Amino acid sequence: MSDPRDNVQQEFLAEAQELVEALSRDLLLLDEAHQRAERPDASLINEIFRSVHTLKGIAGMFGYKHVGTIAHALEDLLDDLRVGRTDIGDPLLDVLFDSVERFQRLLALDDPQAPEEAHGVDAYVAAVRSIGTQPAVEDGDPLDQYAIGSAVLSVLTEYEEHRLRACIREGMQLYRLRATFDLTAIDDSIEALRDVVHDDAEIITYLPSLEGGNDESIELVVLLASRVPETELKAHFEGRYGTVEAIKEQKHPPTVPPNLTSIPPSSRSLLPQPEDETGQASLRSVANSVRVDIRKLDDLMNVVGELSLVRSAVGRAVAGLDGDPKYRQPLRELDRLGRGFERQLSELRTRILDVRMVPLGQVFSKFARIVRQAARENDKQVRLVITGANTEMDKLIVEELADPLMHLVRNAIDHGIESVETRMRLAKPAEGTLALNAYHKGRNVVIEVEDDGGGMNAHKLRERAVSRGLLTAEDSQDLTRQGMLDLVFLPGLSTNTEVTDLSGRGVGMDVVKTNILRMGGVVSIASEQGIGTKITVTLPITLAIIRALIITVGARLFALPISAVREAIPFAPQDVRTIQGRKVITMRGETLPICDLAPLFGLRGARQQASRFVIVCEMGNRELGFVVDELVGQEDVITKSLGATLSSVRGFAGATDLGDQKLALVLDAPALFSEYFDGGEALPSVEAHA
Amino acid sequence: MTAGAQRVTLIPDPGSEEVTIPVVAVSAGSETYGFPLSAVREILMPPPLTEVPRSAEHFLGVIAVRGEIITLVDLPTLLKLEVLDRQPLGRVILVDVGDELIGVAVDRVVQVSQLQPDQIEYASSMSADLSEYVVGVARVPAASSGSGDQMLILIDPGALLGGLT
């Protein structure tokens, strides 16, 4: 981290990542326009072109050879697209979408030059080139065949140039029309000319000529393309407007390669033109933002923590002066200042947290590609609808969320949405809908992955759970419909059941649930057969601060993330029974296993057993009561991981500073659950302690 | 954490201008140990300690230092020293072991000694079977006058604390 080269590398990767993300978002828009059979917005194509161009530039600087090679090929393709040498279509979109994944993979490589990647890159570049060389382009640039003159070509806008080429390809003849216009009525005259010309020819552009004209009039050279024979055109125009002159096809096409015509560089410049408005806008937005390593934000947060320590130390010093009448006035003033200081401090903390927030769209945009690809592989039609892409969350959560969400998305396409035939038979629209919705709800962000597919068969889930021994047939009888659906989160139920290309990668819904829980989130499922399935993920806005229940065990403070806690009840030692060596209590008629944290942690619990509490926690459809000594209260805590030295100690997610250097260990509820229910691994650290 | 930026060495570079090696001398039990000053970030009065249940015995727990959570290792326990009557925590030195700062609890910080290379007898030249984290021993005049020379056991902090679990 102190190596400046590493820093530069990190900078590059961050910038490249942003460009690829921008590319991915823009491609999505391009694809949408294409699906609606609209002509894509020229500025959008320019934007995509610019992203790829910049990526090519910086990849070259940092030795990311493969990234540069791909970007270069794409740049040519996009340039063709931009000026109309090639047209938008599925194969073109496919290569473009494919590039996003390739870029991401290549950027993740340790060795940016990795020779083993070369083959794949070459194959990809060949695929890109095969699209770039559409027949129209193979003919070479049609403009080469005409003596239009570089002075004229250099002032053509891209659109004009594109139309010019298109007209030539359509077999139209080019003419140069010279006409003199009255300066005062020039606009009207040109409009009139346009109307006259309309049927016979197309005006490509008009330019003031250098020769004719005087104070009241100006001679314009109009570049025309027309299907009408020259004689007829002449008869029509000459005398009335001006002279008509055909631009002859050159007998000998220029020897320069097609891509290096006589067109001066300025008209084909790869860089945004200065007068280009969108170009200016994007430059401005770059200037207004800075990229910051998230660790620097953590450092800032630490300084805030330090400041609050100073604040409380000052408070204590002030309290020492209390009682002395001669200090009454200054003390009151100090108290007021102290409260003001505290407010600013909490404001600072909020602002720093705010900086960590990024829109969820960053991860959603990745799914467009996946949905496209998955739908095609599965021969299904799927429409992706995204709402709330602007919903902001902590950067770390957004990163962590990508994999679980991806699994849910793949599941929805693979198992949820039916094939076109099935949907038609069921009188559903042939195209299935997959919705990704995100919105704020209190201190949480809710993300829904919803499909209008076949839904889940709750009874089938129950049968499967019983047949796999995850549930006794007897217990299964008591399950509500929701309870049966929730079985999908049990380990071993969804894993490897239906192995497919898409979601059957040995990762089940239980893993999704565990990952979400680890982030302090909750997953729930709703499904109606024949109508669809909705998975709802609720997550805290930031990982940095979580709400925790502060408890004591053996006179030591611990924090238990509130997301896992269902309720706290007084502990009644007389109600404890033992079933197969495990202690349980009965709560509202249901058996609840309990785990006394004091012996688990090798601590001596409170002597007054009856004054203790049971914290009922829920995780992955399992409940467990932790027996603790006292409930201290709820607090927003910042969890910091324990160092590498203590990372092997199970059961703790980290520690949090409760102020005055007083630390509480944050309990890792998922780990404690799996230790209790699954036995966990051997715990060498416990032996060492004994 | 700005760990790893500084080079930690007890062996002077050949031909190096710098001839003395600064070492922080600390006492633990009845012995005195030397940590290279370049690896010691800070010397602290012991902050409030939070025990970590189920961790190995040589871990006293965690402490908060400027917002960082730092693992505190008990030097006498780690070195399996016989301690007759254990004093309350004396001092904590924050030692940089590369990727982590680790707090080391010692009884007392004796002094910072400037060692001349000829004061040091390197472990590689000694026949005694020493632990891998011992670089060598040095003889230094005792901090308090009149008590003769003191043996300073020079520690390689990376070997002692790096990868500790």
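Quick notes on the rules
Residues numbered from 1 in each chain as written. Chains lettered and ligands numbered in written order. Predicted model: local features only at pLDDT ≥ 70, side-chain atom pairs only at ≥ 80, totals over all residues. Helix = DSSP H or I, 4+ residues; strand = E, 2+ residues; numbered from the N terminus. Buried ≥ 20, exposed ≤ 12 C-beta atoms within 10 Å, placed from the backbone. Contact = placed C-beta atoms within 7 Å. Nonpolar A, V, L, I, M, F, W, Y, C, P; charged D, E, K, R; others polar. Pairing = 2+ DSSP bridges. Axes fitted to C-alpha atoms, helices over the stretch in contact; angles between N-to-C directions. Parallel < 35°, antiparallel > 145°, perpendicular 65-115°, else oblique. Left-handed = near helix turned anticlockwise from the far one by under 90°. Expected span 1.5 Å × (residues − 1). Core = buried A, V, L, I, M, F, W, Y, C linked by C-beta atoms within 7 Å. pLDDT = per-residue confidence, 0-100.

Caption draft 1: Main features of the overall build of chain A. Helix and strand counts for chain A come out as 23 helices and 22 strands. In chain A, buried positions account for 31% of the 690 residues.

Caption draft 2: Focus on the overall build of chain B. Counting its regular elements, chain B contains two helices and eleven strands. Listed N to C, the secondary structure of chain B is β-β-β-β-β-α-β-β-β-β-β-β-α in terms of helices and strands. Counting over 165 residues, chain B shows a buried share of 39%.

Caption draft 3: Here's a closer look at the interface of chain B and chain A. Listed by partner, the interface residues are 27 residues for chain B and 30 residues for chain A. Take the side of chain B that touches chain A: its biggest share by element is four residues, from strand β5 (residues 68-74) of chain B. When its residues are assigned to classes, the side of chain B that touches chain A shows 13 nonpolar, seven polar and seven charged.

Caption draft 4: Spotlight on the pairing of strand β1 (residues 21-28) of chain B. Residue and element names in this part refer to chain B. With respect to burial, β1 is a largely interior element, six of its eight residues being buried. One ladder, built from seven bridges, connects β1 with strand β8 (residues 108-115); its direction is antiparallel. Bridging from a neighbouring strand, A25 pairs with Q111 of β8. Note that β1 and strand β2 (residues 31-36) share six bridges and pair antiparallel. Within the sheet, the bridge partner assigned to V26 lies in β2 and is Y33. Connecting β1 to the next strand, β2, in antiparallel fashion are two residues, including G29 with a positive phi near 60 degrees.

Caption draft 5: Up close: the packing of helix α14 (residues 361-377) of chain A against helix α15 (residues 395-416) of chain A. Residue and element names in this part refer to chain A. Across the interface, α14 lies against α15 with an axial gap of 10 Å and an inter-helix angle of 25 degrees. By the angle between their axes, α14 is roughly parallel relative to α15. Crossing angle aside, the handedness with which α14 passes α15 is right-handed. On α15, the residues touching Q362, V363, K366, F367, I370, V371, A374 and A375 of α14 are V398, L401, A402, L405, M406, V409, R410 and I413. Of the residues that constitute the contact of α14 with α15, the class distribution is 13 nonpolar, one polar and two charged.

Caption draft 6: Representation of the packing of α15(A) against helix α20 (residues 509-518) of chain A in the model. Residue and element names in this part refer to chain A. For the pair α15 and α20, interaxial distance at closest approach is 9 Å and the crossing angle is 150 degrees. You can see that α15 and α20 cross each other, and the crossing is left-handed. Of the residues in α20, those in contact with D403, P404, H407 and L408 of α15 are V512, N515 and I516. Taken together, the residues that form the contact of α15 with α20 break down as four nonpolar, two polar and one charged.

Caption draft 7: Looking closely at the sheet that holds strand β10 (residues 522-528) of chain A. Residues and elements named next belong to chain A. One open sheet accounts for five strands, arranged β6-β8-β9-β11-β10; its pairing is mixed. Of all strands in the sheet, those with a lone pairing partner are β6 (382-387) and β10, marking the two edges. Adjacent strand axes in the sheet meet at a mean angle of 15 degrees when their direction is disregarded. Here seven bridges tie β10 to strand β11 (residues 532-540), and the two strands are oriented antiparallel to one another. What sits directly across from S524, in β11, is T536. On the sheet, α15 packs against β6, β8 (432-441), β9 (444-451) and β11 and is oriented at approximately 20 degrees with respect to β9.

Caption draft 8: Region of interest: α14(A). Residues and elements named next belong to chain A. The end-to-end C-alpha distance of α14 is 25 Å, a good match for the 24 Å that 17 residues give at a rise of 1.5 Å each. Residues of α14 that are buried: G361, Q362, V363, F364, S365, K366, F367, A368, V371 and A374. Remark: D379 follows α14 within two positions and exhibits a positive phi of approximately 60 degrees.

Caption draft 9: Unusual backbone geometry, seen in detail. Residue and element names in this part refer to chain A. Of note, the phi angle at A427 is positive, near 60 degrees, even though the residue is not glycine. Counting through the fold element by element, A427 comes out in the loop between α16 (420-425) and β8. Judged by the 6 C-beta atoms lying within 10 Å of it, A427 falls in the exposed class. The backbone of A555 shows a phi angle near 65 degrees, a positive value even though the residue is not glycine. With respect to the element layout, A555 can be found in the loop between β12 (545-553) and β13 (556-561). For A555, a count of 11 C-beta atoms within 10 Å corresponds to the exposed category.

Caption draft 10: Structural detail: the nonpolar core. One finds L560(A), V666(A), L667(A) and F35(B) to be the most contacted residues of the largest nonpolar core, which totals 159 residues. Non-local contacts of F35(B), meaning those with residues more than four positions away in its chain, are made with V23(B), V24(B), V26(B), V40(B), I93(B), V95(B), I155(B) and P157(B). Of all hydrophobic cores here, the second largest spans 21 residues; its members include A201(A), L223(A), L233(A) and F237(A).

Caption draft 11: Highlighting the sheet that holds β5(B). Residue and element names in this part refer to chain B. Reading across from one edge, β3-β6-β7-β5-β4 is the order of the five strands in this open sheet, with mixed pairing throughout. Only two strands of the sheet have a single neighbouring strand rather than two, namely β3 (40-44) and β4 (59-65). Between one strand axis and the next, the sheet turns through 30 degrees on average, direction left out of account. By the bridge criterion, four bridges tie β3 to strand β6 (residues 91-96) in an arrangement that is antiparallel. Paired with L44 across the strands is V92, a residue of β6.

Caption draft 12: Region of the structure containing the confidence of the model for chain B. Residues and elements named next belong to chain B. For chain B, mean pLDDT is 82; residues scoring 70 or higher make up 81% of the total. Every residue in residues 1-6 scores below 50 in pLDDT, and together they form twelve contacts with partners more than four places removed in sequence or on other chains. Our summary of model confidence lists the complex with pTM equal to 0.52 and ipTM equal to 0.83.

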